[in-house]
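Report on the structure
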Amino acid sequence: MTQHRPAAVIVLAAGQGTRMKSSTPKVMHPIGGRSLLHHAISAAARSGPEHLVVVLRHAREQVAEHVAGISEVLDRSVLVADQDDVPGTGRAAECALTQLPDDLTGTVVVTYGDVPLLTSATLGHLVAFHEDNGHAVTVLSAEVSRPRGYGRIVRDAAGALERIVEEKDASEDEKAITEINSGIYAFDAAVLRDALPRVTTDNAQNEKYLTDVIGIARGDGGAVSALTTEDVWQVEGANDRVQLATLGKELNRRIVEDWMRAGVTVVDPDTTWIDADVTLAEDVTILPGVQLHGACDVATGAVVGPDTTLTDTEVHAYAQVVRTHGNLAVVGENATVGPFAYLRPGTVLGIEGKIGAFVETKNARIGTGSKVPHLSYVGDATIGEHSNIGASSVFVNYDGVNKHHTTIGSHVRTGSDTMFVAPVTVGDGAYSGAGTVIRKDVPAGALAQTYAPQRITEGWVLDKRPGTPAAEAARAALEAEDTARTAQNGSAQKDTEDK
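This section reports on the structure supplied with the text. Everything numeric in this text was worked out from a predicted model, so none of it was measured.

1. Structural notes on the packing of aromatic side chains
How two aromatic rings sit relative to each other is given by the distance of their centres and the angle of their planes. If you walk through the whole model with that rule in mind, you get three aromatic pairs. Taking 5.2 Å as the distance between ring centres and 15° as the angle between the ring planes, the aromatic pair formed by F340 and F358 counts as stacked. Linking F340 in the loop between β24 (336–337) and β25 (341–343) with F358 in strand β27 (residues 354–366), this pair joins segments that are 18 residues apart in sequence. Its relative accessible area of 44% is what places F340 among the partly exposed residues. Above the ring of Y398, the side-chain terminus of K403 is found at 5.5 Å from the ring centroid.

Now the structure itself:
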């Protein structure tokens, strides 16, 4: 079976996108963890073209830098063409041809930078249909109930594609047509190169329409056709933020459904958001209210959620992450995190380790079996294996100018409310008492304590805070004690007299 690949794909991304009302170029707005343009270029690249060109104009330098980043991620060449002052999709394609070899043959696909749900499979199907039927031009079309804003597919009496009419140039009868032009085409390279210079700006918008190539190719005796896709979502563009959100929701629905079919349990798909670059293994369980962003990687048997947001985070096999916010962190096999934990960049939790409730970590490596159970901050630290950090402990890593490192050995036990004033090292097997402030290195097996005699000033509240609820409560308690003491003394005296 012949494998159909386009000779080139042209992605049109020169528009300003004024309806976004944003300082960010339209094609750089994200859904599913990628920009619209990233989705479009990725689909184009996966269709296997020898050449891939993106046409730019608005915010040219900003978008070109973004394209370079996408090219690096995809590890393939992506060329950039600049559209000049002549408006229109036809002129954009004409500018793109200047970046392609003059002797290029085969199929040239033209698509857009704001159709994020378009797939490489659909592009491949378009190229195959185009080449197998020997067409000069093939347009991807779709049937929609509300065609407003789209160009219409006009067919002749035999049902063949006659032309495409833009809505502003359409008659009332033509506006009633529900088959719309997606703006995605497959062209014979020679036909496109020959026709574009003959396209004029004689239309309502004074633009060079790419659609006019169809009429020119048909007039030259070439075969033109429309391939109708049943998946209208794939040709939907995002012109404003309402459409952006709608496409984002649909993309997420498809991503979540694909993962469920691949063996992932998603308890509540409606409250689960998974970016396009996330990787999930079989038998992962995602509980309600989970957001997985960036390049998260969750291994088999792990449970994430509920109410958890992770970005670029690794969760190893059979770990549990509950009500946690994590970014650029690693959770080891069989480890537990949360609830209400905050894993900042550089956190690495070892096998069977624990980061518990209301714990924040940053640049912290926590070894196998070690635990930070609750109410603590661990920053710029290394903790060995099977150590336990007591509740309300703080790794005091910042002196106001520089960050410093704390090293805790293995099998260490620290009391509640221990302060580790970095830089400091606590040796293997050491202990600390509650309320200890560790400013000096603690040898292996030693006990560190900060001890001061407890001072009690009786009657201080009555003297210094008279009239307060605390003073009244203290007065009542003291009077009750006096009454009880008097009664006890009276009872003791009577016993003595009776004897």
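Moving on from the model shown.
2. Looking at a nonpolar patch on the surface
Together, F340, F358 and L375 line one region of the surface with nonpolar side chains, adding up to about 320 Å² of accessible area. Along the chain, the position of L375 falls in strand β28 (residues 371–383). Under the relative-accessibility criterion, L375 is labelled partly exposed at 48%.

3. A look at the pattern of salt bridges
All told, the structure shown has 26 salt bridges when counted by the stated rule. With a closest N to O distance of 2.5 Å, D277 and R34 form a salt bridge. Of this pair, D277 sits in the loop between β13 (273–274) and β14 (279–280) while R34 sits in strand β3 (residues 34–35); the two residues are 243 residues apart in sequence, bridging distant segments of the chain. On the accessibility criterion, D277 (35% relative accessible area) is partly exposed. What makes R34 buried here is its relative accessible area of 15%. Two residues, D307 and R323, come together in a salt bridge whose shortest N-O distance is 3.2 Å. On the criterion of sequence distance, the pair formed by D307 in the loop between β18 (303–304) and β19 (308–311) and R323 in the loop between β21 (320–321) and β22 (324–327) is long-range, its members being 16 residues apart.

4. Regarding the side chain of S370
One can find S370 in the loop between β27 and β28. By relative accessible area, which is 1% here, S370 ends up buried. Beyond its immediate sequence surroundings of up to four residues, S370 is in contact with L349, G353, K354, I383, G384, E385, H386 and S387.

5. Topic: the nonpolar core
One broad trend across soluble globular proteins is that nonpolar side chains are buried collectively. In this structure, L37, V54, V137, Y185, L210 and V213 are the most contacted members of the largest nonpolar core, which totals 69 residues. Sequence-distant contacts of L210, that is, excluding residues within four places in its chain, are made with T89, G90, A93, V110, Y185, F187, L192 and L196.

6. Description of the pairing of strand β9 (residues 161–165)
The pairing of strand β8 (residues 152–155) with β9 spans four bridges and is classified as antiparallel. Along β9, the bridge assignment pairs V154 with R163. The hairpin turn running from β8 into β9, its antiparallel successor, is five residues long, and G159 in that turn takes a positive phi close to 90°.

7. Things to note about the layout of surface pockets
Its boundaries defined by the atoms lining it, the largest pocket holds a volume of some 1700 Å³. R19, K26, Y112, G149 and N239 are the residues nearest the centre of the largest pocket, which is lined by 49 residues in total. Put simply, the parts of the chain that give the lining of the largest pocket at least two residues each are α3 (89–97), β10 (179–188) and α8 (241–261). Among the residues forming the lining of the largest pocket, the class breakdown is 17 nonpolar, 19 polar and 13 charged. Reported here for the second largest pocket is a volume of approximately 390 Å³. Lining the second largest pocket are 19 residues, and of these R46, L251, I255, D258 and A276 sit closest to its centre. Elements represented by at least two residues in the lining of the second largest pocket include exactly α1 (36–46) and α8. Here the lining of the second largest pocket gets five residues from one element, more than from any other, and that element is α8.

8. A few points about the sheet that holds strand β36 (residues 447–448)
Spatial strand order, β31-β34-β36: three strands in an open sheet with parallel pairing. The open sheet has two edge strands with one neighbour each: β31 (413–414) and β36. Of the pairings in the sheet, the one linking strand β34 (residues 431–432) to β36 comprises two bridges and is parallel in character. Looking at the pairing, S432 lines up with A448 of β36.

9. Here's the deal with the environment of L117
Inspection of the secondary structure assignment puts L117 in the loop between β6 (107–112) and α4 (120–132). When the C-alpha atoms of L117 and Q234 are compared, they prove to be 4.6 Å apart, with 117 residues separating the residues in sequence. Excluding residues that lie within four positions of it along the chain, L117 makes contacts with I31, W233, Q234, L247, E250, L251 and R254.

Parameters at a glance
- Residues numbered from 1 in each chain as written.
- Predicted model: local features only at pLDDT ≥ 70, side-chain atom pairs only at ≥ 80, totals over all residues.
- Heavy atoms only, no water.
- Phe/Tyr/Trp six-rings, centres within 6.5 Å; stacked < 30°, edge-to-face > 60°.
- Helix = DSSP H or I, 4+ residues; strand = E, 2+ residues; numbered from the N terminus.
- Buried < 20%, exposed > 50% of the residue type's maximum accessible area, 1.4 Å probe, protein only.
- Lys NZ or Arg CZ within 6 Å of the ring centre and 35° of its normal.
- Patch = residues over 30% accessible without salt bridge, like charges linked within 9 Å, V, L, I, M, F, W, Y side chains within 5 Å.
- Areas by Shrake-Rupley, 256 points an atom, 1.4 Å probe, with all protein chains shown as cover.
- Salt bridge = Lys/Arg side-chain N within 4 Å of Asp/Glu carboxyl O.
- Contact = heavy atoms within 4.5 Å.
- Core = buried A, V, L, I, M, F, W, Y, C linked by side-chain atoms within 4.5 Å.
- Pairing = 2+ DSSP bridges.
- 1 Å grid on protein atoms, 1.4 Å probe; cavity = no way out; pocket = protein on both sides within 12 Å on 5 of 7 lines; lining within 4 Å.
- Points joined across faces, edges and corners; volume = space filled by probe spheres on them.
- Nonpolar A, V, L, I, M, F, W, Y, C, P; charged D, E, K, R; others polar.

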